[in-house]
Amino acid sequence: MSNTAFISELFSSVQGEGLFAGRRQIFIRLMECNLDCQYCDTDFAMSAVGKCETAPGSGVSRDVNQPVSLPVVTSLVKEWLTRLPGAHHSISITGGEPLVSLATLAGWLPELGRLLPVHLETNGTLSQALRQVKPLLHHISMDIKLPSTSGIDRSLWEEHALFLREAYGISLAVKIVVSGRTTPEEIGQVTGLIRGVDGAIPLFIQPLSLTDGSVGIGAVTLLELQALAASRLSDVRVIPQMHRMLGAL
Ligand code: SF4
């Protein structure tokens, strides 16, 4: 277990993806990731300082020295919860890939979970790490990385299958990022994985966000992919990244 972590950001915002889209959360963004997606917008450069919002939702940050300790994080979270009672739904642990920082999660989640429910945003590949912290989580949002959009040149299907089986049993949703290059075969793989565990697990189809603010898939193609997925799963939803539209973090 570790009492400290290298964080890139700590801030308050509206969740823009998945099951909690529209909910306000406190985001703790950890550094490091085990993948290298071509659409990634995370800066993995290890920095001597992390960024913490000075006031929740202000968009103005101050530097904090790395590594950041749990008491620093919890005192900030407690201050925000007092300042804005009822405003926050949960704490989102995101990255990077949070499960890379397993020792930190084991050290931090018990205390964070006493403040608010803990929501893990993960790339859905590190099933053994998940097993060790699953009892400390309240919700998991896992990605299934499609070759057509992630650009990752090795197959992740087996890792995702193991992760999905490990994650099942608590509140769980799956997200895929699609573009005009996404194929029906990929949707077939995804729906097959989910049906192999539970066809009622929600699947969120997220159009690829482009740097100019548009999305990388036409509406007709998007709806074709949705219809295919919905013919095999009971809860399929299409949601673009909402926080980008709001200009929020
Ligand atoms: S898994 Fe997420 S954080 Fe890691 S490279 Fe892919 S998009 Fe970036």
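1. Some remarks on the overall build of the protein
Phase 1: When you go through the protein residue by residue, the secondary structure sums to eight helices and twelve strands.
Phase 2: For 249 residues, the compact-globule estimate of 2.2 N^0.38 gives 18 Å, and the protein sits close to it at 18 Å.
Phase 3: Across its three principal directions, the C-alpha atoms of the protein cover 45 × 40 × 35 Å.
Phase 4: Put simply, the protein has 249 residues, and 49% of those count as buried.
Phase 5: For the protein, the accessible area works out to roughly 11,000 Å², and carbon and sulfur atoms hold 53% of it.
Phase 6: In the protein, the 19 positive side-chain charges and the 23 negative ones have mean positions that sit 6 Å from each other.

2. Describing the side chain of Ser-141
Phase 1: With respect to the secondary-structure elements, Ser-141 resides in strand β9 (residues 139-143).
Phase 2: Excluding its chain neighbours within four sequence positions, the residues that come into contact with Ser-141 are His-119, Leu-120, Glu-121, Thr-122 and Ala-173.

3. Some details on the sheet that holds strand β2 (residues 7-14)
Phase 1: On the basis of which strands lie adjacent, the open sheet formed by ten strands has the order β5-β4-β2-β3-β7-β8-β9-β10-β11-β12 and mixed pairing. Lying at the two open borders of the sheet, with one neighbouring strand each, are β5 (61-65) and β12 (236-238). Sheet twist, expressed as the mean angle between neighbouring strand axes with direction ignored, is 20 degrees.
Phase 2: Pairing geometry for strand β3 (residues 24-30) and strand β7 (residues 90-94), over five bridges, is parallel. The partner of Gln-25 across the bridge, within β7, is Ser-90.

4. Quick word on the site of the ligand
Phase 1: Inspection of the region around the ligand gives Cys-33, Leu-35, Asp-36, Cys-37, Tyr-39, Cys-40, Phe-44, Gly-96, Asn-123 and Lys-145 as its neighbouring residues.
Phase 2: Here the residues of the shell around the ligand sort into six nonpolar, two polar and two charged.

5. Some words on the nonpolar core
Phase 1: Residues Ile-28, Ile-93 and Leu-203 are the most contacted members of the largest nonpolar core, which totals 54 residues.
Phase 2: Every residue in contact with Ile-28, bar those within four places of it in the chain, is listed here: Ile-7, Glu-9, Leu-10, Val-73, Ile-91, Ser-92, Ile-93, Thr-94, Trp-108 and Leu-112.

6. Some remarks on the pattern of salt bridges
Phase 1: On inspection of all chains with the given rule, the structure shows nine salt bridges.
Phase 2: Arg-154 is paired through a salt bridge with Glu-159; the nearest N and O atoms lie 2.7 Å apart.
Phase 3: The class for Arg-154 is partly exposed, based on a relative accessible area of 40%.
Phase 4: One salt bridge connects Asp-235 with Arg-237, and the closest N-O pair in it is separated by 2.8 Å.
Phase 5: Three or more residues joined by partner-sharing salt bridges are found here, namely Glu-17, Asp-143, Lys-145 and Lys-175.

7. Remarks on helix α1 (residues 70-83)
Phase 1: Its 14 residues give α1 an end-to-end C-alpha distance of 20 Å, which sits within 8% of 20 Å, the value for a rise of 1.5 Å per residue.
Phase 2: Residues Leu-70, Val-73, Thr-74, Leu-76, Val-77 and Trp-80 constitute the buried set of α1. End-on, the buried residues of α1 take up no more than an arc of 160 degrees, which puts them together on one face.

8. Digging into helix α5 (residues 157-167)
Phase 1: The set of residues buried in α5 consists of Trp-157, His-160, Ala-161, Phe-163, Leu-164, Glu-166 and Ala-167.
Phase 2: A positive phi of about 120 degrees marks Gly-169, the residue just after α5.

9. Here we look at the side chain of Lys-175
Phase 1: With respect to the helices and strands, Lys-175 occurs in strand β10 (residues 171-178).
Phase 2: Of note is the side chain of Lys-175, whose polar atom sits 2.9 Å from the side chain of Glu-17.
Phase 3: Look past the residues within four positions of Lys-175 in its chain and what remains in contact with it is Glu-17, Met-142, Asp-143, Ile-144, Phe-204 and Gln-206.

So, how was this worked out
- Residues numbered from 1 in each chain as written.
- Predicted model: local features only at pLDDT ≥ 70, side-chain atom pairs only at ≥ 80, totals over all residues.
- Heavy atoms only, no water.
- Helix = DSSP H or I, 4+ residues; strand = E, 2+ residues; numbered from the N terminus.
- Rg over C-alpha atoms; globule rule 2.2 N^0.38 Å.
- Buried < 20%, exposed > 50% of the residue type's maximum accessible area, 1.4 Å probe, protein only.
- Areas by Shrake-Rupley, 256 points an atom, 1.4 Å probe, with all protein chains shown as cover.
- Lys, Arg positive; Asp, Glu negative; His and termini not counted.
- Charge placed at Lys NZ, Arg CZ, Asp CG, Glu CD.
- Contact = heavy atoms within 4.5 Å.
- Pairing = 2+ DSSP bridges.
- Axes fitted to C-alpha atoms, helices over the stretch in contact; angles between N-to-C directions.
- Near = heavy atom within 4 Å.
- Nonpolar A, V, L, I, M, F, W, Y, C, P; charged D, E, K, R; others polar.
- Core = buried A, V, L, I, M, F, W, Y, C linked by side-chain atoms within 4.5 Å.
- Salt bridge = Lys/Arg side-chain N within 4 Å of Asp/Glu carboxyl O.
- Expected span 1.5 Å × (residues − 1).
- Arc of directions from axis to C-beta.
- Polar contact = N/O pair within 3.5 Å; in protein donor to acceptor, adjacent residues only side chain to side chain.

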